[in-house]
Structures are given as structure tokens and as C-alpha cells.
Amino acid sequence: MLALQYYRDGLCPLCGMPANICQAPENELRVKSNDPIRCHFTTQTSMRQEAHTSGKNGRAKPNQPQALLYTAELKP
């Protein structure tokens, strides 16, 4: 359990990557962000919630930013 705590202590609180990678000055210009990926289950649930709370009988527009997953990676 001590090893797991040591590992978790070394992770960045923002992105969850190892801090020695994501916070290293030499990696600043090597990070590439990817296009977002949509979670369709979260989108549908959010659309249903919007339609229900707004009193609309139809469907809400698919504009749920909470359903988008943004990722980044190091360039080779």
C-alpha cells in the first residue's frame, strides 16, 4: 500500500499524468492536444435532462460540453 500511495503522490492533480512528465519544462512544446471525443451516453442523458427541466416536449440540441473528453499526448 505504501508503493501505491507513493505512486499517487507523484501524479498531477489536474491531468492525472505523472508530474515528472506533464510538468517537465522540456515537454512544454512537445504536448499535442487531440480533438475531443464525445460520450454519447452522457450526451443523451443531458439532452433528456434539459428537455425535462425546460418543459420542452421535443429534444434539446446536442450541445453538452460536459460530454466531451479532451486528451493530450507527447509528440515523438
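A quick note: this is a predicted structure, and the numbers were derived from the prediction, not measured. (Residues numbered from 1 in each chain as written. Predicted model: local features only at pLDDT ≥ 70, side-chain atom pairs only at ≥ 80, totals over all residues. Heavy atoms only, no water.)

Caption draft 1: Inspection of the overall build of the protein chain at higher detail. In terms of helices and strands, the protein chain carries 3 helices and 4 strands. Each helix and strand of the protein chain, ordered N terminal to C terminal, gives the series α-α-β-β-α-β-β. By residue count, 14% of the 76 residues in the protein chain fall in the buried class. Considering only contacts within the protein chain whose residues lie at least 6 apart along the sequence, 57% involve residues at least 24 apart. Total accessible area on the protein chain stands at roughly 6700 Å², and carbon and sulfur atoms take up 59% of it. (Helix = DSSP H or I, 4+ residues; strand = E, 2+ residues; numbered from the N terminus. Buried < 20%, exposed > 50% of the residue type's maximum accessible area, 1.4 Å probe, protein only. Contact = heavy atoms within 4.5 Å. Areas by Shrake-Rupley, 256 points an atom, 1.4 Å probe, with all protein chains shown as cover.)

Caption draft 2: Here's a closer look at the side chain of Asn-34. By secondary structure assignment, the location of Asn-34 is in the loop between strand S1 (31–33) and strand S2 (37–38). The contact partners of Asn-34, leaving out residues within four places of it in the chain, are Thr-71, Ala-72 and Glu-73.

Caption draft 3: Spatial organisation of helix H3 (residues 40–54). The first and last C-alpha atoms of H3 sit 21 Å apart over 15 residues, in line with the 21 Å expected at 1.5 Å per residue. Where H3 is concerned, the buried positions are Thr-43, Ser-46, Met-47 and Ala-51. The arc that holds every buried residue of H3, seen down its axis, measures 135°, which confines them to one face. Exposed side chains of H3 directed beyond 90 degrees from the buried face belong to Phe-41, Arg-48, His-52 and Thr-53. On its buried face, H3 sits against S2. (Expected span 1.5 Å × (residues − 1). Arc of directions from axis to C-beta.)

Caption draft 4: A nonpolar patch on the surface, seen in detail. A contiguous nonpolar patch, built from Met-17, Ile-21, Val-31 and Leu-74 and spanning about 290 Å² of accessible area, is present on the exposed surface. When you line up the elements, Met-17 lands in the loop between helix H1 (2–9) and helix H2 (19–22). (Patch = residues over 30% accessible without salt bridge, like charges linked within 9 Å, V, L, I, M, F, W, Y side chains within 5 Å. Salt bridge = Lys/Arg side-chain N within 4 Å of Asp/Glu carboxyl O.)

Caption draft 5: Geometry of the environment of Asp-9. Positionally, Asp-9 belongs in helix H1. For the pair Asp-9 and Ala-19, spaced 10 residues apart in sequence, the C-alpha to C-alpha distance is 9.1 Å. Side chain to side chain, Asp-9 and Gln-5 meet in a polar contact 2.8 Å long. (Polar contact = N/O pair within 3.5 Å; in protein donor to acceptor, adjacent residues only side chain to side chain.)

Caption draft 6: How the structure looks around the environment of Cys-15. The topology assignment puts Cys-15 in the loop between H1 and H2. Spatially, the C-alpha atoms of Cys-15 and Thr-71 are 9.1 Å apart, while their sequence positions differ by 56 residues.

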